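# Descriptive structure summary
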Amino acid sequence: MLLTACVFGQVNWKPLPEIQSLFIKNFASCDGDYFIVAAGPRTTSMNAVHILKINNKDSEKESINSMHEAYDVHQVDSKHMWVCGYKGLISHSNMYGNNGSWNIQNSGTEKNLNALWFTDLDHGWAVGDGGAIIHTSDGGKTWSTQNSSSTDKLVDVQFMDNNTGWALIEPAANFNGKVLITNNGGRNWSITTFKTNLSNMSMHRLFFIDENRGWICGDFLSVYKTTNGGQSWFVQKKPDYSIGYNVKLNEIYFLDKNEGWTCGDKGHLFHTKNGGNSWQKVDIGETIHLTAIAFKGPHFGMLAAGNKVYVHYDREKFEQYRQDFNRNIHKKENIPDQQFVRPPDKHSETPSIKTSYTTAAKGNNWEVRTYDIKSIEDACRELTKENSMPVGITLDNQKMEVLILNRDPFEVSDWKLERYTSISDITPKVSGMMESGYLPLGMTLEDKNYYFLFAKTNFKTTAWQIVESDLDHQDVANDIQPYLEQNYIPLAVSILAEQWFYTLLVQFDSFPASSWSLQGYTGTGSAQMINGINSEIGNGSSPMGYLSVGNIINVLYLRMTD
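Residues numbered from 1 in each chain as written. Predicted model: local features only at pLDDT ≥ 70, side-chain atom pairs only at ≥ 80, totals over all residues. Heavy atoms only, no water.

### What to know about the overall build of the protein chain
Each helix and strand in the protein chain was counted, giving 5 helices and 42 strands. Across the 562 residues in the protein chain, those meeting the buried criterion constitute 60%. Within the protein chain, counting contacts between residues at least 6 apart in sequence, those at least 24 apart form 54% of the total. With an accessible surface of roughly 21600 Å², the protein chain has 45% of that area assigned to carbon and sulfur atoms. (Helix = DSSP H or I, 4+ residues; strand = E, 2+ residues; numbered from the N terminus. Buried < 20%, exposed > 50% of the residue type's maximum accessible area, 1.4 Å probe, protein only. Contact = heavy atoms within 4.5 Å. Areas by Shrake-Rupley, 256 points an atom, 1.4 Å probe, with all protein chains shown as cover.)

### Examining the environment of Asn246
Here Asn246 lies in the loop between β22 (234-237) and β23 (249-254). On the basis of relative accessible area, Asn246 is assigned to the exposed category, the value being 63%. Each C-alpha atom, one on Asn246 and one on Leu221, is 10.0 Å from the other, the two residues being 25 residues apart in sequence.

### Some details on the nonpolar core
In this structure, Trp13, Ile24, Phe27, Leu269, Ile293 and Leu303 are the most contacted members of the largest nonpolar core, which totals 43 residues. Among the elements of the structure, β3 (35-40), β20 (214-218), β23, β24 (260-264), β25 (269-272), β27 (292-295), β28 (300-305) and β29 (308-313) are those that each provide at least two residues to this core. When residues in this core are grouped by element, the largest group, 5 residues, is from β28. Those residues in contact with Leu269, other than ones at most four positions away along the chain, are Trp13, Trp261, Thr262, Cys263, Gln280, Lys281, Val282, Ile284, Leu290, Ile293 and Leu303. The next biggest cluster of nonpolar side chains, apart from the first, holds 36 residues, and it includes Met443, Ala455, Trp464 and Val506. (Core = buried A, V, L, I, M, F, W, Y, C linked by side-chain atoms within 4.5 Å.)

### Regarding the pattern of salt bridges
Per the counting criterion, the structure on display carries 5 salt bridges. As a salt-bridge pair, Glu251 and Arg205 come within 3.3 Å of each other at their nearest N and O atoms. Of this pair, Glu251 sits in strand β23 while Arg205 sits in strand β19 (residues 200-208); the two residues are 46 residues apart in sequence, bridging distant segments of the chain. Exposure remark for Glu251: the relative accessible area of 5% places this residue in the buried category. Since its relative accessible area comes to 9%, Arg205 is described here as buried. (Salt bridge = Lys/Arg side-chain N within 4 Å of Asp/Glu carboxyl O.)

### Some remarks on the sheet that holds strand β17 (residues 176-182)
With respect to topology, 4 strands assemble into an open sheet ordered β14-β15-β17-β18, the strand pairing being antiparallel. The sheet is open, and its two borders are formed by β14 (154-159) and β18 (190-195), each paired with just one other strand. Averaged over all adjacent pairs, the angle separating strand axes in this sheet is 25°, with direction ignored. (Pairing = 2+ DSSP bridges. Axes fitted to C-alpha atoms, helices over the stretch in contact; angles between N-to-C directions.)

### Observations regarding helix α3 (residues 423-435)
With 13 residues, α3 should reach 18 Å at 1.5 Å per residue; the first-to-last C-alpha distance of 19 Å fits that figure. For α3, the complete set of buried residues consists of Asp425, Ile426, Val430, Met433 and Met434. Looking at the residues trailing α3, positive phi occurs at Gly437, about 95°. (Expected span 1.5 Å × (residues − 1).)

Have a look at this one:
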């Protein structure tokens, strides 16, 4: 199946076989896989989550367990997703495919929950009827109620990081639409109003591309936009009253600040390439109600109409796009530091951190610098003069991003960057470097290039090991625990074939380490990552590894005793 884009706005959409068991209400997706996940009422008496997968066949669809009344689904990564729904339903899956398992979580409310959003595996919010907002900071083990200052129905929620978020109020009464905004993780919510063209109409979905730009779709095929984080909104697609009151836009989705889609009743589908300044109707040859839309980049998208799914899929272009994206997740853009460019479950191209950050607790600086691979060894030697220690590396095309810390627990006399062209080279050559007194402190495994960053130190090492784990922090912890008991210390983390974490452990005769952790942060340059690293350093931990997986930055920490 090969689909191509035609003239502007006229992107080909091809129907897949109907899904017999599910009426799709919402989609979710994450970076790094082929899946788009769907939730909604089942055609039978029960509800479920569906996974729609594009692979070397045309399409597959798999049902994962049954549950009642699923209204929304949010996918954090290829393994972890949550659904919410009827009478406070919250359920979490830690797997995918037919062997997936779902665990009901206690939401603490019996109000219908209409939408949910997670910024990482710990922090999430769900919103629902009667102004209900609940929050978790431990992956849903416990949920607490937040005061929304509203009794209206909340139909959508999105967070940019653990502080900045929005919730959409469905009814727009007295010519005023309403959006809830928080800047402190939901401890306080404020209501912003904007003018509508009718005294009574409804808003249905919102979508933010960054901390400032966002869109809302609603009744009469109307679209509203903000450029200041939701403080004010203006009409961007004027309501069409001729189509009738019940014709609405049900979903809006933007791939970047320019290209976006919105879909609604009676087969209405619109496309923009200028940030919504103008919209062109796309004809799919149907007048069925369109309920959801999602993309995994410009060459793979899905559109739902009840239990029918339309797919826009250019296999060749998508494969190249996906490979380029995963190699260049840190594509350089002229974007200010701490600005998060895309929501965590959408496609993103995130900027590098180009400046350093300082913690007041102990005055330890850290930063990420970009070097040409050919000059990195000389750069590392220069860093020793600054009392800075390169501790983590990740590859971006032929540039190397290096995580630097000015706290140096070692006496370093030399640095080397070694490139190996096959996995079989790693064992003998790394062993040879360690026998010469070099300690591996960073590694990045990319296709046929395997880079290791070495420091010549005064510490004695006896052995080393690379441990393979699933893309899950708890799996990493479980896998390396036996090595920790043998005095191995985790010093670097990387990924291979977009499927597994690889943790580098080194065994020391004596090493002043008391604990370690692997933390995931959403979006390079986001406040979450910056605050997280600063907090860990302030508590005595040093960042020792640095790895991008999709839109999650994973940092490996090591706490050293004094």
